[in-house]
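Chain and residue survey
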Amino acid sequence: MQKTIKVIDGLQKEGVIKEYAIAGGVAAIFYVEPILTYDLDIFFIPPKEEKIITLSPIYKWLKQNGYEAHKEHIIIEGVPVQFIPVYNELVKAAVIDAAKISYKDAKTKVIKAEYLLAIMLQTFRPKDKERIVKLLDEAKLNMTRLLKILKKHDLDEKFKRFKDLYYGK
């Protein structure tokens, strides 16, 4: 994955994407026990804000650098990567405020656990519900930050209902 991160960092350095952060299951692994995940999700901010975002510049740059698409992924150094443009204010804030980390000798950014939880609460797929419980049980969450994020993005009541359902009142 170290080589994959360096390639993705190249996209940012060359201006193909403005900013990015690791998201999804791989991001969760930085905060909880490993979970099953198939791919590396990358949330990104395009170089200019447009109403319709195209992935063509990313695919073109990666193809020119020897990487091929496979379904909705691009295989980069053997890792299936899915590029997801920021699609709302919560995801955009998560990318902008992502934690800077080092993975071996590659520097990258990872969505903070509090934002991951908020995004999972917003998308609320069955696997998101499981991961929310895992984050609540295992991650060292900054509850002040989490509650502030949830309130700002109108997820505080949904979170309360979720906790009541899974943990009792």
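In what follows, the structure referred to is the one given above.
This text gives an overview of the structure that appears in the document. (Residues numbered from 1 in each chain as written. Predicted model: local features only at pLDDT ≥ 70, side-chain atom pairs only at ≥ 80, totals over all residues. Heavy atoms only, no water.)

**Points about the nonpolar core**
Using the following cut-off: Side-chain atoms within 4.5 Å link the members of a nonpolar core, which is a set of buried Ala, Val, Leu, Ile, Met, Phe, Trp, Tyr and Cys residues. Per-residue accessibility, obtained with a 1.4 Å probe over protein chains only, is compared with the maximum for each type, and a residue is labelled buried under 20%, exposed over 50%, and partly exposed between these values. Only DSSP runs of H or I covering at least 4 residues are called helices, and only runs of E covering at least 2 are called strands; the numbering of each starts at the N terminus. Throughout, a contact is declared for two residues whenever any of their heavy atoms are within 4.5 Å.
In this structure, I58, L62, I76, F83 and I111 are the most contacted members of the largest nonpolar core, which totals 57 residues. Broken down by element, this core gets its largest block of residues, 8 residues, from helix α5 (residues 113–123). What I111 contacts, discounting residues up to four positions off in sequence, is A21, I22, A23, A27, Y31, F43, A94, V95, A98 and L116.

**Focus: the packing of α5 against helix α6 (residues 126–138)**
To keep it simple, the criterion reads: In this analysis, axes come from line fits to C-alpha atoms, helices being fitted only over the stretch in contact, and the angle between any two N-to-C directions falls in the range 0 to 180 degrees. Roughly parallel means an angle under 35 degrees; roughly antiparallel means over 145; roughly perpendicular covers 65 to 115; every other angle is labelled oblique. When the near helix sits turned anticlockwise from the far one by under a right angle, the crossing is termed left-handed; a clockwise turn instead gives a right-handed crossing. All residues other than Ala, Val, Leu, Ile, Met, Phe, Trp, Tyr, Cys, Pro, Asp, Glu, Lys and Arg, Gly among them, are scored as polar; the first ten of these are nonpolar and the last four charged.
Packing of α5 against α6 leaves a shortest axis separation of 9 Å and a crossing angle of 150 degrees. Classed by the angle they form, the pair α5 and α6 counts as roughly antiparallel. The interaxial crossing formed by α5 with α6 has left-handed handedness. Touching A113, L116, L117, M120, L121 and T123 of α5 are D128, R131, I132, L135 and L136, all from α6. For the contact of α5 with α6, the class distribution of residues is 8 nonpolar, 1 polar and 2 charged.

**Considering the pattern of salt bridges**
Going by this rule: A pairing counts as a salt bridge when a side-chain nitrogen of Lys or Arg comes within 4 Å of a carboxyl oxygen of Asp or Glu.
Using the criterion set out here, one finds 9 salt bridges in the structure. For E68, the salt bridge goes to K63, with nearest N and O atoms at 3.9 Å. In this structure E68 comes out as partly exposed when scored by relative accessible area, which is 47%. Taking the shortest distance from any N to any O, the salt bridge between E114 and R145 comes out at 2.9 Å. In this pair, E114 is assigned in helix α5 and R145 in helix α7 (residues 143–152), connecting sequence segments 31 residues apart.

**Some points on the side chain of E114**
Our working definition: Pairs of N or O atoms are called polar contacts if they sit within 3.5 Å, as long as, within protein, a hydrogen donor faces a hydrogen acceptor (for residues adjacent in sequence, only side-chain-to-side-chain pairs).
A relative accessible area of 3% places E114 in the buried class. Engagement of the side chain of E114 in a polar contact is seen with the side chain of R145, the distance being 2.9 Å. Once residues lying within four places of it in the same chain are set aside, the contact partners of E114 are K140, L141, N142, R145, L146 and I149.

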